[in-house]
Each structure stands twice: as structure tokens, then as C-alpha cells.
Amino acid sequence: NARGAKNAAWYCFSMVFERCALAINDKVVALFGRNAFFLQKPAAFHDSCATYARTAAVLHLFLWFFAGPGALLYLLLAEVAWQLPVHPACAMFV
């Protein structure tokens, strides 16, 4: 079914795009200390987000330096792959 394949392809693209966008947003939060998606939240929320994002950024730099960019790509794919229609485990969520 062409429609099903097209929908699956769009879903896969959107999930990968979302994860990449969130990874970029984490770096923006690490740099600026505020999450632009939640401007009305209290300062404690932004401080917590910034601490998490900065810790993750340090870990990502560590992985990049010692294991290369492939390590970060592997983590991205591992995080996304289980929820894509091409993965057998996705049948558990249908």
C-alpha cells in the first residue's frame, strides 16, 4: 500500500527530526540558560533545565572526543529506532 508506506516514511522523518531538534535545543539551553519553549516557567525550572543541558553537553563533548562523532550518532539512532515502524518492537505499541 503506497499510502501506508508514505505515512510510515513521514512518521520516521518526523521522529528523527524531532530528536535532532531537541538535541539542538538542549545545546541552546546549555548556552543561554533558558528554554524558549517554556518562557512562563519559574526560574527554578530554567535553572534545572540548564544544569541538565550543561551536564549532557559535557558528556556529549567527552563522547565526541574519546569515541568520535559516531558515538553520538549511535545514541541518536538507538533513541529513535525503537519507535520507528521498521523496528519489530513497535508492534507492542499498536
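In what follows, the structure referred to is the one given above.
So, here is what we can say about the structure in this document.

Rules of the game
- Residues numbered from 1 in each chain as written.
- Predicted model: local features only at pLDDT ≥ 70, side-chain atom pairs only at ≥ 80, totals over all residues.
- Heavy atoms only, no water.
- Phe/Tyr/Trp six-rings, centres within 6.5 Å; stacked < 30°, edge-to-face > 60°.
- Helix = DSSP H or I, 4+ residues; strand = E, 2+ residues; numbered from the N terminus.
- Lys NZ or Arg CZ within 6 Å of the ring centre and 35° of its normal.
- Salt bridge = Lys/Arg side-chain N within 4 Å of Asp/Glu carboxyl O.
- Buried < 20%, exposed > 50% of the residue type's maximum accessible area, 1.4 Å probe, protein only.
- Contact = heavy atoms within 4.5 Å.
- Core = buried A, V, L, I, M, F, W, Y, C linked by side-chain atoms within 4.5 Å.
- 1 Å grid on protein atoms, 1.4 Å probe; cavity = no way out; pocket = protein on both sides within 12 Å on 5 of 7 lines; lining within 4 Å.
- Points joined across faces, edges and corners; volume = space filled by probe spheres on them.
- Nonpolar A, V, L, I, M, F, W, Y, C, P; charged D, E, K, R; others polar.

1. A short note on the packing of aromatic side chains
A full pass over the atoms with the stated rule returns 5 aromatic pairs. Pairing Trp10 with Phe13 gives two aromatic rings, centres 5.9 Å apart and planes at 85 degrees, and the pair type is edge-to-face. Here Trp10 and its partner Phe13 are both found in helix α1 (residues 2-32), 3 residues apart, which amounts to about one turn of the helix. Consider the rings of Phe38 and Phe45, whose centres lie 5.6 Å apart with planes at 75 degrees: the pair is edge-to-face. Taken together, the aromatic side chains of Trp10, Phe13 and Phe17 make up a single cluster linked through ring pairs. Note that Lys41 overlies the ring of Phe45, its terminal NZ or CZ placed 5.4 Å from the centroid.

2. What to know about the pattern of salt bridges
For the coordinates displayed, the defined rule picks out 1 salt bridge. In this structure, Glu79 and Arg19 form a salt bridge, with 2.5 Å as the shortest nitrogen-oxygen distance. Of this pair, Glu79 sits in helix α3 (residues 69-81) while Arg19 is found in helix α1, placing the two residues 60 residues apart along the sequence. For Glu79, a relative accessible area of 36% translates into the label partly exposed. The exposure class of Arg19 is partly exposed, given its relative accessible area of 22%.

3. A few points about the side chain of Asn35
Structurally, the position occupied by Asn35 is in the loop between α1 and α2 (43-67). Excluding anything up to four places from it in sequence, Asn35 contacts Asn25, Val29 and His46.

4. Details of the nonpolar core
By size, the foremost hydrophobic cluster in this structure holds 6 residues: Val29, Ala30, Cys49, Ala50, Ala53 and Ala57. Among the secondary structure elements, those contributing two or more residues to this core are α1 and α2. For this core, the element with the most residues is α2, which contributes 4 residues. Other than its neighbours up to four places away in sequence, Val29 contacts Arg34, Asn35, Cys49, Ala50, Ala53 and Arg54.

5. Points about the layout of surface pockets
Approximately 530 Å³ is the volume found for the largest pocket. Ala23, Lys27, His60, Leu72 and Glu79 are, among the 18 residues lining the largest pocket, the residues nearest its centre. Only α1, α2 and α3 provide two or more residues apiece to the lining of the largest pocket. Its residues assigned to classes, the lining of the largest pocket comprises 13 nonpolar, 1 polar and 4 charged.

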